[in-house]
Structures are given as structure tokens and as C-alpha cells.
Amino acid sequence: MSINQIVTPLDSAVLETKEQYTVYFKIVSHAFESLMKSITENDICNALEVSFIKQYCELLSYSLESFRVKYLYDEEEKMKIDLTESGFPNYLEFRYLINDLELKKEHISRLPDPKDLKAEFLETLLKDKQAVSRRKLEQAASIVYYNSVERNYIFRKFVQGKIITIKNNPDAPYLVSWSFYDVSYNRPFICFMYFDLHKTDLQEYTQKIYEVLENVADRNMNLDNLAYAIDKRLPRVLPKKFRKIDMGPLHNVFAKDELTITHVILEGIVNKVLDLSSYALSITIDDLLSTGKITEGSFFNKQHLQIWESHKSKKYVLCPHRLIQLLYDRVPDEINKLAQEPIEIPALKL
């Protein structure tokens, strides 16, 4: 089947063929690469934030490549793209991946020895002049999958970044980042907290910070609520700024949502105005800044809580030039909602 013959019916969100997998993973990989370049060139994030975003995107890319190997020759199970406003794999796919690796030894014990399988491949291809059976190809893919995928590199529901010290920034000398895959939205989010410490040492309080973040900041929520929850549970942390980046939706031929940009892309592909590989990545950035503090509690049990000033959400869209033209032509009102004009990225060539 040629790439241009790929069919993705609107009532299905399952990648059925190897060609569909190939196209999907190329789209996601290209989107992450373009994102890193665009947020740097357009000063959307600072250098420290970009370095962390790159690491989280690498974990996501590694996980997606693991999916590709896992489902390459699997006749029974197929990877599912989320039906909500996502364009990314359903969170359960990541959960299944981790479960597989926890039972890695058990799965490998059921597979043939790689040397025996390789010898059988050579005999079938060179001696018998026949194609290798689908079952043997599936076994080979499983061997590669279980022996090459590292559990530590898989993007999990919550991924903790290390706390770093920022030079020449006395108001907020520390920065911590974390990322999570929200199970309701089925897409990744990346968060940053700039902060100072009150009467404590960073080494003594680091583990406490990590524990609180994993317990209260592992899902998408209003930044005001997030800031209050962290501020309340970490009395020795003085947060100064929060930033949350919503990494999606990813609008593409495999997305099944009702979003305007997604439908412009689907209609453009159907009408042969856009290539099958056309996509757009929407990202939304929310910022929350401290403007002062208030004191709660008694004289012997005081706690300083921050007063927050929220900023309007900034939404950006990254897409190729041809799609930008189509968006201006078809849905100009959507463009007016953006923080700036659509950011042009190179078109993906399949």
C-alpha cells in the first residue's frame, strides 16, 4: 500500500497498518523537532526552560518509538490515538508499555532464541526462497522490543525534573520542572516553578519538594489552585513564578477531535489541497506571578503564602506555510485568538 492510500475513517482512531505507524511517528517526531526550534527563535521560553522541554520531548519520542516496535507486526493489538482533543496516544498505551517491561523476563522466556530465529530466517529466505511468516516476524519484533526498550526512558504519568540553581536571580534562585501526561486530556504538560527557600537548606528540603509535586501536581488544573496547593504544603518554599505549557493538541490526519484546526486539515487532505503529512501543533502557556505575600496562622505557627497575579493564557500554533494560508482563508477568527501569528515550520516530506 502506498502512503497516499492510507485510510483513516473518522469513526476509528486505531493505527491499523505499518504505513500508518510510519506516517504517524514521522509527524510526531517532526512536531517535537520543530517545537524546540520555534520556541527558541520566537523567545517563547528561556534557555533553561528549553533545555528541560527538550529532555521531556526526548522521553516522549523514545516512548513513541517503543510503541512502533511493539505494534510493528502485532495482528491482535493496535495502537490507539486518543479520541479527545489530543492527537497523541491514549495514556493507557504508556501504562501498558510499563506493564510489559515489568514482566520483561517472563515475556522473553516465551520467545525463541534469537540465534535460532535468525538461522530460520536465513534458511527460509535463501534456501527455500520463501517469505518469512507473519508469526516469525512478530516474534522477531517482540525480541527487539523486550531487549531494547529501557523502562527508565519511558514517559510516565509523572516525570520529575531536578532542581537547579539560577545564578544572578536573588528573588527566585531555584527552578524545578516536572511533566505529566494528563489522563483526562491525554496529552503532555510541562510545568516550571521558580522559587526561594525560607530558613532551610535545599538539600534538606529537596525530597519533600519532590514528594509534594508528585502528589498534587500530576494533573492539569488551574494555576491558582496549583500554586495554593504547593504553597500550603511546602511552608519553607517561597514560590515566585509558575509556568505551565500545554503540549497539544496535535492536529493531524489521525486526530479524531472536533477542533476547528483539525477539521481544516482533514478537509484540506480530502480535497487534495494539503499533503497527507500536513499537521499543526497547538501549545498554550499559562503564567502566574507572585506580587507579595500574606501571613497565616498564630504567632508560633506562622506561614507565608503568596499573593498571585495571573496572566492571560497565550496560545500558539505551529504549522507549515500552506496550512497557514488555509487557516487565514478558512478560519481567520481562530488566528485572532492566538498570542501571535501562526509560527511557520518546515513542511514534512514523507
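Let us look at the structure shown here.

Reading the values: rules and limits
Residues numbered from 1 in each chain as written. Predicted model: local features only at pLDDT ≥ 70, side-chain atom pairs only at ≥ 80, totals over all residues. Heavy atoms only, no water. Buried < 20%, exposed > 50% of the residue type's maximum accessible area, 1.4 Å probe, protein only. Helix = DSSP H or I, 4+ residues; strand = E, 2+ residues; numbered from the N terminus. Pairing = 2+ DSSP bridges. Salt bridge = Lys/Arg side-chain N within 4 Å of Asp/Glu carboxyl O. Expected span 1.5 Å × (residues − 1). Contact = heavy atoms within 4.5 Å. Polar contact = N/O pair within 3.5 Å; in protein donor to acceptor, adjacent residues only side chain to side chain. Patch = residues over 30% accessible without salt bridge, like charges linked within 9 Å, V, L, I, M, F, W, Y side chains within 5 Å. Areas by Shrake-Rupley, 256 points an atom, 1.4 Å probe, with all protein chains shown as cover. Axes fitted to C-alpha atoms, helices over the stretch in contact; angles between N-to-C directions. Parallel < 35°, antiparallel > 145°, perpendicular 65-115°, else oblique.

Details of the pairing of strand β3 (residues 174-182)
Right, so step 1: Burial runs high along β3: nine of the nine residues are buried.
Right, so step 2: Burial along β3 is two-sided: Y174, V176, W178, F180 and D182 facing one way and L175, S177, S179 and Y181 facing the other are all buried.
Right, so step 3: Judged from the three bridges that link them, strand β1 (residues 158-160) and β3 form a sheet pairing that is antiparallel. Bridge assignment links F158 to a residue of β3, and that residue is F180.
Right, so step 4: Note: β3 against strand β4 (residues 187-197), nine bridges, orientation antiparallel. Bridge pairing in β4 places S179 opposite I190.

Quick notes on the pattern of salt bridges
Right, so step 1: The tally for this structure, following the rule as stated, stands at 15 salt bridges.
Right, so step 2: Here E49 makes a salt bridge to R243, at a shortest N to O gap of 3.2 Å. Of this pair, E49 sits in helix α2 (residues 47-71) while R243 sits in strand β5 (residues 237-246), and the two are 194 residues apart along the sequence.
Right, so step 3: Owing to a relative accessible area of 10%, R243 belongs among the buried residues under this scheme.
Right, so step 4: Ionic pairing is found between E102 and R151, a salt bridge with its closest N-O pair at 3.2 Å. Of this pair, E102 sits in helix α3 (residues 91-102) while R151 sits in the loop between α6 (134-148) and β1, and the two are 49 residues apart along the sequence.
Right, so step 5: Residues joined in a network through salt bridges with shared partners are E49, R243 and D287.

Side note on helix α7 (residues 202-216)
Right, so step 1: Along its 15 residues, α7 runs 20 Å from first to last C-alpha, staying within 8% of the 21 Å computed at 1.5 Å per residue.
Right, so step 2: For α7, every residue scored as buried is listed here: L202, Y205, T206, I209, Y210, V212, L213 and V216.
Right, so step 3: Among the structural elements, β1, β2 (164-165), β3, β4, α8 (223-233) and β5 are those in contact with the buried residues of α7.
Right, so step 4: Near the N-terminus of α7, the side chain that reaches the backbone nitrogen of Q203, with its oxygen 3.0 Å away, is that of D201.

Considering the side chain of D246
Right, so step 1: Position of D246 relative to the elements: it lies in strand β5.
Right, so step 2: When residues no more than four places from it in sequence are discounted, the contact partners of D246 are R187, P188, F189, S282, I283 and T284.

Re a nonpolar patch on the surface
Right, so step 1: Taken together, the side chains of L122, L125 and L126 make up a nonpolar region of the molecular surface, amounting to roughly 290 Å² of accessible area.
Right, so step 2: Relative to the helices and strands, L125 resides in helix α5 (residues 114-127).
Right, so step 3: Its relative accessible area of 43% is what places L125 among the partly exposed residues.

A closer look at the environment of L274
Right, so step 1: Residue position: L274 is located in the loop between α9 (260-270) and β7 (280-296).
Right, so step 2: A relative accessible area of 6% places L274 in the buried class.
Right, so step 3: Here the alpha-carbon distance between L274 and R322, two residues 48 residues apart in the chain, equals 7.5 Å.
Right, so step 4: Residues within four places of L274 in sequence aside, it is in contact with V264, I265, G268, I269, R322, L323 and L326.

Re the packing of α2 against α6
Right, so step 1: Look at α2 against α6: their axes get within 8 Å of each other, and the N-to-C directions meet at 155 degrees. Taken together, the axes of α2 and α6 are roughly antiparallel relative to one another. Touching Y62, S66, V69 and K70 of α2 are A141, V144, Y145 and S148, all from α6.

A look at unusual backbone geometry
Right, so step 1: Residue P249 is reached from G248 by a cis peptide bond, and omega for that bond is 5 degrees.
Right, so step 2: With respect to the helices and strands, P249 occurs in the loop between β5 and β6 (250-251).
Right, so step 3: For D43, which is not glycine, the phi torsion reads 55 degrees and is therefore positive.
Right, so step 4: Relative to the elements of secondary structure, D43 occurs in the loop between α1 (18-41) and α2.
Right, so step 5: D43 gets classed as exposed once you look at its relative accessible area, which sits at 66%.
Right, so step 6: Positive phi, normally seen in glycine, also occurs at N168, with a value near 55 degrees.
Right, so step 7: Relative to the helices and strands, N168 resides in the loop between β2 and β3.

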